[in-house]
Amino acid sequence: MTNILRYFPAPMLSLILLVTWLLMVRSVAFGQVLLGIVLAIGIPLLTRQFWLPFPRVKHPIKLLRFFFCVLGDIVVANLHVSLLILSPKREPHPGFVEYPLQVKDRLAITLLANTITMTPGTVSTNIRLDQTSLLIHVLDMRDEQQLIDEIHQRYERPLKEIFEC
């Protein structure tokens, strides 16, 4: 088993890379499949020295709920931003919020920052070097404390539970 892991340090990543490559080139020609296999094996081998240890997902069901929660939030935020942009009477109130982080795990912080950025109308702009807060730009900020509470309840708390960190 260790010999296989030496050449395939992340088998799922290799499979995802191969499928992604074939979908991008929209071809299953022999040359494309061969190139996809080379990339699927080569990329994880060349980059594994930069990987952080991945924390084990303790609650996969909560991860699934988190995924659908974020997906729903993305849809709702898209509608909100669209209405804000298309409505001539509504004026956005942009601003920055310094969000105090409770999670300490680097992967959880990264997932939180990326989740915030994927939601239209918000962008994670900076993580403090001591990893105590995250600077977020908000397109339409009405109540800073409400935003902080919402991010904590909808994103950070579930991430803490999923990874138990």
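In what follows, the structure referred to is the one given above.
These numbers were taken from a predicted model, which means no experiment stands behind them. (Residues numbered from 1 in each chain as written. Predicted model: local features only at pLDDT ≥ 70, side-chain atom pairs only at ≥ 80, totals over all residues. Heavy atoms only, no water.)

(A) Examining the nonpolar core more closely. Among the nonpolar cores identified, the biggest contains 23 residues, and Tyr-99, Leu-112, Ile-116, Leu-134, Ile-136, Ile-151 and Tyr-155 are the most heavily contacted of them. Listing elements by their share of this core, those giving two or more residues are helix 4 (60–86), strand 1 (95–100), helix 5 (106–118), strand 3 (133–138) and helix 6 (144–163). Here this core takes seven residues from helix 6, the largest share from any one element. (Core = buried A, V, L, I, M, F, W, Y, C linked by side-chain atoms within 4.5 Å. Buried < 20%, exposed > 50% of the residue type's maximum accessible area, 1.4 Å probe, protein only. Helix = DSSP H or I, 4+ residues; strand = E, 2+ residues; numbered from the N terminus.)

(B) Structural view of helix 5. An ideal rise of 1.5 Å per residue puts 18 Å on 13 residues; helix 5 measures up with 18 Å between its terminal C-alpha atoms. Those residues of helix 5 that sit buried are Ala-108, Ile-109, Leu-112, Ala-113, Thr-115 and Ile-116. In a view along the axis of helix 5, the buried residues occupy a sector of 160°, so they form one face of it. The inward-facing, buried residues of helix 5 contact helix 4, strand 1, strand 2 (122–127), strand 3 and helix 6. (Expected span 1.5 Å × (residues − 1). Arc of directions from axis to C-beta. Contact = heavy atoms within 4.5 Å.)

(C) View of the sheet that holds strand 3. Spatial strand order, 1-3-2: three strands in an open sheet with antiparallel pairing. The open sheet has two edge strands, strand 1 and strand 2, and neither has a second partner. Averaged over all adjacent pairs, the angle separating strand axes in this sheet is 30°, with direction ignored. In terms of strand pairing, strand 1 meets strand 3 through six bridges, oriented antiparallel. Opposite Phe-96, over in strand 3, you have His-137 as the bridge partner. (Pairing = 2+ DSSP bridges. Axes fitted to C-alpha atoms, helices over the stretch in contact; angles between N-to-C directions.)

(D) Quick look at the packing of aromatic side chains. Tallied over the entire structure, the rule returns two aromatic pairs. Ring centres of Phe-66 and Tyr-155 lie 6.3 Å apart, and the angle between their planes is 90°; this geometry places the pair in the edge-to-face category. Note that Phe-66 is positioned in helix 4 and Tyr-155 in helix 6, a separation of 89 residues in sequence. An identical accessibility class is assigned to Phe-66 and Tyr-155; each is buried. (Phe/Tyr/Trp six-rings, centres within 6.5 Å; stacked < 30°, edge-to-face > 60°.)

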